[in-house]
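Summary of the model geometry
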Amino acid sequence: MTVESNDDGAMLDPEILALLSDPSLWEEPSAALEDRVVAGISDERRVVVPMKRRNPWPGRLAAAAVGAAAAAAVVLVVTRDDQHADASVAVTGTNLAPGVKGSADITSVSSGVRIDFSVPGLPRRDGEEFYQGWLKNCAGTALVPIGTYHDLDDATGWAGVDVADFPLLTVTQEVVAAPKDAEQGSSGKVVVSAAMKACPAT
Amino acid sequence: MPEASLDRDVVEQFRAGNEDAVRALYRHYGRLVYTVAFRILGDRQLAEDATQQTFLQAWRAASTFDVDRDLAPWLATITRRVAIDVQRSESRRPSTSIETASADDPALVSLPPSAEAVWETWQVRAAIDDLPADERDVVRLQHLQGHTHAEIAEKLGLPLGTVKSRSSRAHQHLAHRLRHLREPIDDE
């Protein structure tokens, strides 16, 4: 059966007519989905809020300027007063991601340090391209990977080192490389950075 | 014309995880999120999983959202991204061989829809939902089922003239509501 030729569909563009005949446009979610959505958010709130604090951070960290080596980005470190994280640092885009701003929550747990990024605005990297997070020492002589991502809108990294020794947080853009390839290291193309404490001026 | 935005207070309460606000947001946008997810994934269960994940991610990122802006494009973007991630995750699962795979096997799906196509899907579904129920039924039978006006009249037990007038009103409404999709987009 076809829609009759004198139908009112002539008022609509072909793309819209195609969508109107697509079954997915007429599908209804199950009645239980609303409760699932509400429960999903409630569950996550319950998990996040009562986190026990070990507080490895030295009291209330003052605002700190990053040294010139830190990708020319000025970042602030503040202590959080809520119960979610030990601290939150401002994350700032470099000249590879101008105007990008966000934050990273730092939380110490027994297995290591969790770093929760909320940095919208970076273009998504897919396929063989990705972002990689790093912690770096003040001297810039040691680098620890914390995870790889498509974007940093809502991303989490983990580190098994003490952030007091590796206070510089950077994210680089990377491409997939073979094992033992030199490209497996940092590309050096830093897109955003932050500092969790001030490094001595060099 | 996009669907009416939610009250600013509701969005702010959603940020705080208020259950009533989460429900209000779902009732306003849930069917649209689900439609986009279903169109990308083609599977009811996966689409519901993606819908749940979309609202969770929206809540996690809500502090970065400007409450004075329209929430719909932002939610549509999150939905597309979540559905594509689900699709990729499904396609990585070990499955049947290529010779025996069905045409709708997720592993065979390749290019995800563009952001523009997703937004068009969102807008068309919103326009459908905005129709009065009696007009929506006629449009569904006409376009989804492929029935003629006469067949619809018989199926619904209505005079042919009533079906024709409902169809005309519904299509005028859709054309008016969706006309902006064909208008050139001004750069800001």
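The notes below deal with the structure included here.

Thresholds applied
- Residues numbered from 1 in each chain as written.
- Chains lettered and ligands numbered in written order.
- Predicted model: local features only at pLDDT ≥ 70, side-chain atom pairs only at ≥ 80, totals over all residues.
- Heavy atoms only, no water.
- Helix = DSSP H or I, 4+ residues; strand = E, 2+ residues; numbered from the N terminus.
- Buried < 20%, exposed > 50% of the residue type's maximum accessible area, 1.4 Å probe, protein only.
- Arc of directions from axis to C-beta.
- Contact = heavy atoms within 4.5 Å.
- Buried area = accessible area lost by both parts, 1.4 Å probe.
- Salt bridge = Lys/Arg side-chain N within 4 Å of Asp/Glu carboxyl O.
- Polar contact = N/O pair within 3.5 Å; in protein donor to acceptor, adjacent residues only side chain to side chain.
- Nonpolar A, V, L, I, M, F, W, Y, C, P; charged D, E, K, R; others polar.
- Axes fitted to C-alpha atoms, helices over the stretch in contact; angles between N-to-C directions.
- Parallel < 35°, antiparallel > 145°, perpendicular 65-115°, else oblique.
- Left-handed = near helix turned anticlockwise from the far one by under 90°.
- Phe/Tyr/Trp six-rings, centres within 6.5 Å; stacked < 30°, edge-to-face > 60°.
- Lys NZ or Arg CZ within 6 Å of the ring centre and 35° of its normal.

Residue and element names in this part refer to chain B. Positionally, Ala61 belongs in the loop between helix H3 (44-60) and helix H4 (71-92). Ala61 sits in the buried class, given a relative accessible area of 11%. In this structure the C-alpha to C-alpha distance between Ala61 and Arg15, which are 46 residues apart in sequence, comes to 8.4 Å.

Residue and element names in this part refer to chain B. Taken residue by residue, helix H1 (residues 8-15) has Val10, Val11 and Phe14 as its buried positions. Down the axis of H1, the sector holding all buried residues measures 100°, keeping them to one side. Gly17 sits one or two residues past H1 and shows a positive phi near 80°.

Between chain B and chain A, the residue contacts involve 54 residues of the former and 43 residues of the latter. With both sides pooled, the region where chain B packs onto chain A buries about 4800 Å², and carbon together with sulfur makes up 59% of that total. Its largest share of buried area at the contact with chain A, chain B owes to Tyr26, Gln52 and His143 of chain B, together 13% of the area lost on that side. Taking the shortest distance from any N to any O, the salt bridge between Arg23 of chain B and Asp35 of chain A comes out at 2.9 Å. At the boundary of chain B and chain A, one finds 19 residue pairs in polar contact (both at pLDDT 80 or more). Broken down by secondary-structure element, the contributors of at least two residues to the side of chain B that touches chain A are helix H2 (19-41), H3, H4, helix H5 (115-130), helix H6 (133-144), helix H7 (149-156) and helix H8 (160-177) of chain B. The dominant element in the side of chain B that touches chain A, judged by the number of residues it contributes, is H3 of chain B, at 11 residues. Looking at side-chain class alone, the side of chain B that touches chain A contains 17 nonpolar, 18 polar and 19 charged residues.

What follows covers the packing of H7 of chain B against H8 of chain B. All names here are of chain B. Where H7 contacts H8, the two axes come as close as 8 Å, and the packing angle between them is 115°. On the basis of the axis angle, H7 is roughly perpendicular to H8. Crossing of H7 against H8: the hand is right-handed. Contact residues: His149, Ala150, Ile152 and Ala153 in H7; Leu160, Val163, Lys164 and Ser167 in H8. The class makeup of the residues in the contact of H7 with H8 is five nonpolar, two polar and one charged.

Let us look at the packing of aromatic side chains. Any pair of aromatic rings gets described here by the distance separating the centres and the angle formed by the planes. All told, the structure shown has six aromatic pairs over all chains when counted by the stated rule. Plain terms: the ring middles of Trp119 of chain B and Trp122 of chain B are 6.1 Å apart, the flat faces sit at 25° to each other, and that makes the pair stacked. In this pair, Trp119 of chain B and Trp122 of chain B are both assigned in helix H5, three residues apart and thus about one turn of the helix distant. Taking relative accessible area as the criterion, Trp119 of chain B reaches 23% and is therefore assigned partly exposed. Connected via pairs of aromatic rings, a cluster forms that spans Tyr29, Trp119 and Trp122 of chain B. We note Arg125 of chain A situated over the ring of Tyr131 of chain A; from NZ or CZ to the ring centre the distance is 5.5 Å.

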